[in-house]
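Listed below are the residues making up each chain.
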Protein chains: 2
Amino acid sequence: MKDSHCTTIPLLRGPVPLSHLFLGSFLRDGDSAVDATCGNGNDTLLLARLVGASGHVRGFDIQQQAIAETGRRLAEAGLSGRVTLLQKGHEELAEHVEGPVQAVLFNLGYCPGGDRSIITRPETTGMALEQALVMLAPGGIVIVTVYPGHSGGGEERSAVETWAAGLDPRVFHCWRMGQTNVTPTAPYLLLVQKVP
Amino acid sequence: MKDSHCTTIPLLRGPVPLSHLFLGSFLRDGDSAVDATCGNGNDTLLLARLVGASGHVRGFDIQQQAIAETGRRLAEAGLSGRVTLLQKGHEELAEHVEGPVQAVLFNLGYCPGGDRSIITRPETTGMALEQALVMLAPGGIVIVTVYPGHSGGGEERSAVETWAAGLDPRVFHCWRMGQTNVTPTAPYLLLVQKVP
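### What about the interface of chain B and chain A?
On the side of chain A, 46 residues touch chain B, which itself brings 46 residues to the contact. Between chain B and chain A, a total of about 3,800 Å² is buried, with carbon and sulfur atoms accounting for 60% of that surface. Remark: the boundary between chain B and chain A carries zero salt bridges. Linking chain B to chain A there are 18 residue pairs in polar contact (both at pLDDT 80 or more). For the side of chain B that touches chain A, the secondary-structure elements that each account for two or more residues are α1 (15–26), α2 (42–51), α6 (153–165), β6 (172–179) and β7 (188–194) of chain B. Counting residues per element, the side of chain B that touches chain A draws most heavily on β6(B), which supplies eight residues. Broken down by class, the residue content of the side of chain B that touches chain A amounts to 24 nonpolar, 14 polar and eight charged. With five bridges connecting them, strand β6 (residues 172–179) of chain A and β6(B) associate as antiparallel partners. Its bridge partner being in β6(B), A:Gly178 is matched across the sheet by B:Arg176.

### Notes on the pattern of salt bridges
The tally for this structure, following the rule as stated, stands at 10 salt bridges over all chains. Residue B:Glu76 pairs with B:Arg72 through a salt bridge whose shortest N-O separation is 3.2 Å. Taken together, the residues span about one helical turn, with B:Glu76 and B:Arg72 both in helix α3 (residues 64–76) at a distance of four residues. Since its relative accessible area comes to 42%, B:Arg72 is described here as partly exposed. With a closest N to O distance of 3.1 Å, B:Arg176 and B:Glu161 form a salt bridge. Within this pair, whereas B:Arg176 is found in strand β6, its partner B:Glu161 is found in helix α6, the two being separated by 15 residues in sequence. Residue B:Glu161 is classed as partly exposed on the basis of its relative accessible area of 27%. Because the salt bridges share partners, they merge into one network encompassing A:Glu69, A:Arg72 and A:Glu76.

### Notes on the relation of the copies chain B and chain A
Overlaying chain B with chain A gives an RMSD of 0.0 Å, the required rotation being 180 degrees about an axis along which the chain moves by 0.0 Å. Within this description, the copies of the chain are treated as partners about a two-fold rotation axis. Closest to the rotation axis within chain B is the C-alpha of B:Met177, separated from it by 2.2 Å. Most of the interface of chain B is mirrored in chain A: 100% of its interface residues are interface residues there too.

### Here's the deal with α1(B)
In an α-helix, one turn spans 3.6 residues; hence positions three or four apart end up facing the same way. In this model α1(B) runs 16 Å from its N-terminal to its C-terminal C-alpha over 12 residues, within 8% of the 16 Å that 1.5 Å per residue would give. Considered for burial, the residues of α1(B) that qualify are B:Pro15, B:Pro17, B:Leu18, B:Ser19, B:Leu21, B:Phe22, B:Leu23, B:Ser25 and B:Phe26.

### Notes on helix α6 (residues 153–165) of chain A
Residues and elements named next belong to chain A. The first and last C-alpha atoms of α6 sit 18 Å apart over 13 residues, in line with the 18 Å expected at 1.5 Å per residue. Along α6, the residues classified as buried are Gly 153, Glu 156, Val 160, Trp 163 and Ala 164. All buried residues of α6 fall inside an arc of 100 degrees around its axis, so they share one side. Projecting away from the buried face of α6 at angles above 90 degrees are the exposed residues Glu 155 and Thr 162. Looking at the buried positions of α6, the neighbouring elements they touch are α5 (122–135), β5 (136–146), β6 and β7 (188–194).

### Overview of the packing of α1(B) against α2(B)
Residue and element names in this part refer to chain B. Axis separation between α1 and α2 bottoms out at 11 Å; the angle between their running directions is 20 degrees. Judged by the angle between their axes, α1 and α2 are roughly parallel. The handedness of the crossing between α1 and α2 is right-handed. Judged by residue contacts, Val 16, His 20, Leu 23 and Gly 24 of α1 engage Asn 42, Asp 43, Leu 46, Leu 47 and Leu 50 from α2. The class makeup of the residues in the contact of α1 with α2 is five nonpolar, three polar and one charged.

### So, the environment of A:Ala36
All names here are of chain A. Counting through the fold element by element, Ala 36 comes out in the loop between β1 (32–35) and α2 (42–51). Take Ala 36: its relative accessible area is 2%, and that puts it in the buried class. Contacts of Ala 36, omitting those with residues within four sequence positions, involve Phe 60, His 90, Leu 93, Val 104, Leu 105 and Phe 106.

### So, unusual backbone geometry
Here the bond from A:Gly99 into A:Pro100 is cis, since omega is -10 degrees, no more than 30 degrees from zero. Tracing the sequence through the fold places A:Pro100 in the loop between α4 (93–96) and β4 (101–107).

### A closer look at the environment of B:Arg82
All names here are of chain B. Mapped onto the elements of the fold, Arg 82 is located in the loop between α3 and β3 (83–86). Looking at Arg 82, the relative accessible area reads 16%, which means it is buried. A C-alpha to C-alpha distance of 9.8 Å links Arg 82 and Ser 32, two positions 50 residues apart in sequence. Setting aside anything within four residues of it in sequence, one finds Arg 82 in contact with Ala 48, Arg 49, Val 51, Gly 52, Ala 53, Gly 55, His 56 and Val 57.

### Concerning the pairing of β7(B)
All names here are of chain B. Within β7, seven of the seven residues are buried, which leaves the element mostly enclosed by the surrounding structure. A two-sided burial pattern is seen for β7, the buried positions comprising Tyr 188, Leu 190, Val 192 and Lys 194 on one face and Leu 189, Leu 191 and Gln 193 on the other. Sheet topology places strand β5 (residues 136–146) next to β7; six bridges connect them, and they run antiparallel. When the sheet's bridge partners are listed, Ile 143 is paired in β7 with Leu 191. As paired strands, β6 and β7 are joined by six bridges and run antiparallel to one another. In the sheet register, Met 177 faces β7, and the bridge partner there is Leu 189.

What counts and what doesn't
Residues numbered from 1 in each chain as written. Chains lettered and ligands numbered in written order. Predicted model: local features only at pLDDT ≥ 70, side-chain atom pairs only at ≥ 80, totals over all residues. Heavy atoms only, no water. Contact = heavy atoms within 4.5 Å. Buried area = accessible area lost by both parts, 1.4 Å probe. Salt bridge = Lys/Arg side-chain N within 4 Å of Asp/Glu carboxyl O. Polar contact = N/O pair within 3.5 Å; in protein donor to acceptor, adjacent residues only side chain to side chain. Helix = DSSP H or I, 4+ residues; strand = E, 2+ residues; numbered from the N terminus. Nonpolar A, V, L, I, M, F, W, Y, C, P; charged D, E, K, R; others polar. Pairing = 2+ DSSP bridges. Buried < 20%, exposed > 50% of the residue type's maximum accessible area, 1.4 Å probe, protein only. Least-squares fit on C-alpha atoms with pLDDT ≥ 70 in both. Expected span 1.5 Å × (residues − 1). Arc of directions from axis to C-beta. Axes fitted to C-alpha atoms, helices over the stretch in contact; angles between N-to-C directions. Parallel < 35°, antiparallel > 145°, perpendicular 65-115°, else oblique. Left-handed = near helix turned anticlockwise from the far one by under 90°.

And the structure:
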């Protein structure tokens with residue numbers, strides 16, 4: 001039972017706070033997590049807080065600007081020590097991550113504030129998702145935030161949804177979470193959990 | 001950051017644990033909650049734990065057997081004092097609940113282990129949902145677990161989904177959460193939050 005003073009009520013205005021609610025429920029001190037698309041470091045920062053001083057986060061982004069901004073925010077928060085940033089595509093996830101990990105995050109599409117022509121692609125996203133599932137600890141989760149609205153987004157969405165529908169339900173629980181009363185191209189979440 | 005010993009990892013095998021994860025994140029000591037379909041008391045019990053000794057739960061069910069079983073489980077857990085049970089249809093919610101409340105739960109369909117011909121109906125469910133939204137505190141949530149698989153379930157599902165799609169997004173965040181890799185008639189969740 002929570003003390004009314006200790007945490008604020010989550011406000012589920014979009015996929016980011018929803019994703020953060022799940023991460024807060026699943027991650028513990030000492031855990032390992034991967035941010036497969038650091039972008040501006042918003043999620044990387046949260047992962048670093050949640051795994052605690054004895055945990056570790058690996059963050060990936062192909063864009064130097066994203067790695068730099070993420071690094072800056074982590075340093076500002078005093079959390080650099082628990083994070084390794086790699087300017088690499090997430091199709092190389094398995095080469096750089098020693099599993100098992102408790103959470104892997106993907107934000108598909110373009111980097112907010114960045115070059116909108118640099119977007120995640122179905123082929124590399126697909127490879128990275130498969131690698132993420134292999135490295136998950138029992139009970140661990142992959143969260144994918146899908147942004148269908150940009151050019152190329154619809155194609156990627158279809159590929160990811162086909163993948164999600166085809167997962168073996170004895171091995172993975174897989175949820176799609178979207179808002180019912182907004183535009184159909186609004187971003188939404190896929191949450192995959194490896195059955196312990 | 002959670003201590004690894006203090007709580008177990010949620011296992012999202014179906015809508016019940018997912019619903020319980022949200023309730024654990026949203027409810028605080030001293031809150032008020034409503035179980036609009038007590039059934040066997042599983043959710044009522046959790047709500048009673050989460051609102052603490054200074055909180056209160058009102059539980060509704062039209063079936064005497066459900067009220068009795070829920071009462072029995074609450075007594076066994078020593079939580080009867082913080083719960084009022086009413087053998088009434090949830091279309092009477094507003095008459096018996098003084099708002100505001102932080103959470104209202106609905107499990108649609110039939111009572112597990114009970115008479116499968118006694119099911120929730122679109123008309124009364126619709127009235128109850130509208131009343132639930134009015135009584136919600138800012139930031140409060142309604143969680144509806146929809147079971148489309150039984151006779152009459154498909155019709156109720158359509159009515160509830162139409163209602164969810166029509167909610168004003170400036171007033172309510174509304175999420176649909178279903179599993180991607182199971183039968184299309186599997187139960188799923190709608191979560192509505194009143195924008196503070």
